[in-house]
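# Secondary and tertiary structure notes
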Amino acid sequence: VRLLGGVPIVLGLIVAWGKAPADTQALLTPILFAGMPAFIFGVLEDITKRVGVMQRLLATMASGLLAWWITDYSLTRVDVWGVDWLLQFTLVSALFTAFAVGGVANAVNIVDGFNGLASGLVIICLCALGAIALQAGDGTLAGVLFATAAVVLGFMGVNFPFGKIFLGDGGAYVLGFWLAWLAVLLIERNPSVSPVAVLLACAYPVVEVVFSICRRIRRAHPAMHPDRLHLHSLVKCRLARKQLGHWPTVMQNASVSPFVWVIAAGPAGLGAWFWNVPPAAWAGLFGFAMAYALIYRRLALFGWR
């Protein structure tokens, strides 16, 4: 039961939908409906432990396709020459959007390892996207983003620091889907918003999953092969366990999250700041990727080189 934290999150989103004005409800309804495949497959894994990673990834991609089919929204620009031309084709755009949604949902699941970690990261990303929406003049979407962050904050109050309930795969995948799809809406509803700035606002989980895939391939492991070599895992082993060894285990676990939140807040703030300046957003994204790699190297190999 403690693994089914996604259930109260979905119930909280439904309550938020019920209290929302009509225009906000119209925006929320397709997201609630389309997110069900990701949520259901995640909950089934929490209960049975028999739903594979690929099945869950395909379920989140199916949620992305379902959201496109209902709303007719899909990514048509990413600020990359050539790719933007390809995205003008509906089939390419829909499949690319589904892949991006599945990737972000999987990224949130990957960073769900310590009390409050994934939920705190999602709140940071949602608030950064909400700030972008406000600056772009999309108050309705900003309200949805901040309301979602408030729902996650309610869950986090029970999860952090003592872990009385856990997000589980159901919660991680549904939150990842919501984050990804709200980012798609932010880009497509507001032509002045830079897609790269939106990516920068969500940079930590995205860089984490890309880095993890590259690391596994380099070690001749399957790309989706689980391991304990994520940055947050190293923070626990190299910092929390050594520096806070006299603390109870549950508090050592929870101490990892604030450290990672600080790292994630940097690119999120830059994404909100450079929301309509693509060159600066690109620079911020590459800069964060380099900083992530240096921090990872420092923790993994005890050196900066």
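Details of the structure are given in the entry above.
Residues numbered from 1 in each chain as written. Predicted model: local features only at pLDDT ≥ 70, side-chain atom pairs only at ≥ 80, totals over all residues. Heavy atoms only, no water.

Moving on to the packing of helix 4 (residues 53–71) against helix 9 (residues 168–189). Helix-helix packing is described using two parameters, namely the angle between the two axes and the distance between the axes. Close contact between helix 4 and helix 9 brings their axes to 11 Å; oriented N to C, the two are set at 35 degrees. Judged by the twist between their axes, the crossing of helix 4 over helix 9 is right-handed. Between helix 4 and helix 9, the residues in contact are Arg-56, Thr-60, Ser-63, Gly-64, Ala-67, Trp-68 and Thr-71 and Asp-169, Tyr-173, Phe-177 and Trp-181, respectively. A per-class count over the contact of helix 4 with helix 9 returns five nonpolar, four polar and two charged. (Axes fitted to C-alpha atoms, helices over the stretch in contact; angles between N-to-C directions. Helix = DSSP H or I, 4+ residues; strand = E, 2+ residues; numbered from the N terminus. Left-handed = near helix turned anticlockwise from the far one by under 90°. Contact = heavy atoms within 4.5 Å. Nonpolar A, V, L, I, M, F, W, Y, C, P; charged D, E, K, R; others polar.)

Next up on the list: the environment of Leu-186. Looking at the element boundaries, Leu-186 is found in helix 9. Residue class for Leu-186 comes out buried when judged on its relative accessible area of 0%. Each C-alpha atom, one on Leu-186 and one on Ala-172, is 21 Å from the other, the two residues being 14 residues apart in sequence. Beyond its immediate sequence surroundings of up to four residues, Leu-186 is in contact with Leu-129, Ile-132, Ala-133, Leu-141, Val-193 and Val-198. (Buried < 20%, exposed > 50% of the residue type's maximum accessible area, 1.4 Å probe, protein only.)

Structurally, the position occupied by Gly-170 is in helix 9. Taking C-alpha positions, Gly-170 is 7.0 Å from Asp-46, a pair spaced 124 residues apart along the chain.

Enumeration according to the criterion identifies nine aromatic pairs in this entry. Plain terms: the ring middles of Tyr-204 and Tyr-292 are 6.1 Å apart, the flat faces sit at 65 degrees to each other, and that makes the pair edge-to-face. In this pair, Tyr-204 is assigned in helix 11 (residues 203–218) and Tyr-292 in helix 14 (residues 278–301), connecting sequence segments 88 residues apart. Grouping aromatic residues by their ring pairs yields a cluster made of Tyr-204, Phe-211, Phe-288, Tyr-292 and Tyr-296. (Phe/Tyr/Trp six-rings, centres within 6.5 Å; stacked < 30°, edge-to-face > 60°.)

Its 22 residues give helix 9 an end-to-end C-alpha distance of 31 Å, which sits within 8% of 32 Å, the value for a rise of 1.5 Å per residue. When you tally the buried positions in helix 9, you get 21 out of 22 residues, the bulk of the element. (Expected span 1.5 Å × (residues − 1).)

Attention shifts here to the side chain of Glu-45. Looking at where Glu-45 falls in the secondary structure, it is placed in helix 3 (residues 36–48). For the buried residue Glu-45, which engages in no salt bridge, the nearest side chain bearing the opposite charge is Arg-56, 4.2 Å off. Every residue in contact with Glu-45, bar those within four places of it in the chain, is listed here: Arg-50, Val-51, Arg-56 and Asp-169. (Lys, Arg positive; Asp, Glu negative; His and termini not counted. Salt bridge = Lys/Arg side-chain N within 4 Å of Asp/Glu carboxyl O.)

Here we come to unusual backbone geometry. Residue Pro-161 is reached from Phe-160 by a cis peptide bond, and omega for that bond is 5 degrees. By the element assignment, Pro-161 lies in the loop between helix 8 (139–159) and helix 9. Even without glycine at this site, Lys-49 takes up a positive phi of about 60 degrees. Looking at the element boundaries, Lys-49 is found in the loop between helix 3 and helix 4. With relative accessibility at 52%, the residue Lys-49 sits in the exposed group. In this structure, Asp-79 is a non-glycine residue whose phi angle is positive, near 65 degrees. Its location among the elements puts Asp-79 in the loop between helix 4 and helix 5 (83–86).

Our next topic: the side chain of Glu-208. Along the chain, Glu-208 turns up in helix 11. Among the polar contacts listed, one links the side chain of Glu-208 to the side chain of Tyr-292, at a separation of 2.5 Å. Not counting residues within four places of it along the chain, the set of residues in contact with Glu-208 comprises Ile-110, Val-111, His-230, Leu-231 and Tyr-292. (Polar contact = N/O pair within 3.5 Å; in protein donor to acceptor, adjacent residues only side chain to side chain.)

For the pair helix 3 and helix 9, interaxial distance at closest approach is 6 Å and the crossing angle is 160 degrees. As the angle between them shows, helix 3 and helix 9 are arranged roughly antiparallel. Crossing of helix 3 over helix 9 shows right-handed handedness. Taking contact as the criterion, the partners of Ala-38, Phe-39, Gly-42, Val-43, Glu-45 and Asp-46 in helix 3 are, on helix 9, Gly-168, Asp-169, Gly-170, Tyr-173, Val-174 and Phe-177. When the residues that make up the contact of helix 3 with helix 9 are grouped by side-chain class, the tally is six nonpolar, three polar and three charged. (Parallel < 35°, antiparallel > 145°, perpendicular 65-115°, else oblique.)

Our focus in this paragraph is a nonpolar patch on the surface. On the surface, a nonpolar cluster with roughly 320 Å² of combined accessible area is contributed by Val-7, Leu-11, Ile-14 and Trp-17. Checked against the element boundaries, Leu-11 lands in helix 1 (residues 6–19). Residue Leu-11 is classed as partly exposed on the basis of its relative accessible area of 49%. (Patch = residues over 30% accessible without salt bridge, like charges linked within 9 Å, V, L, I, M, F, W, Y side chains within 5 Å. Areas by Shrake-Rupley, 256 points an atom, 1.4 Å probe, with all protein chains shown as cover.)

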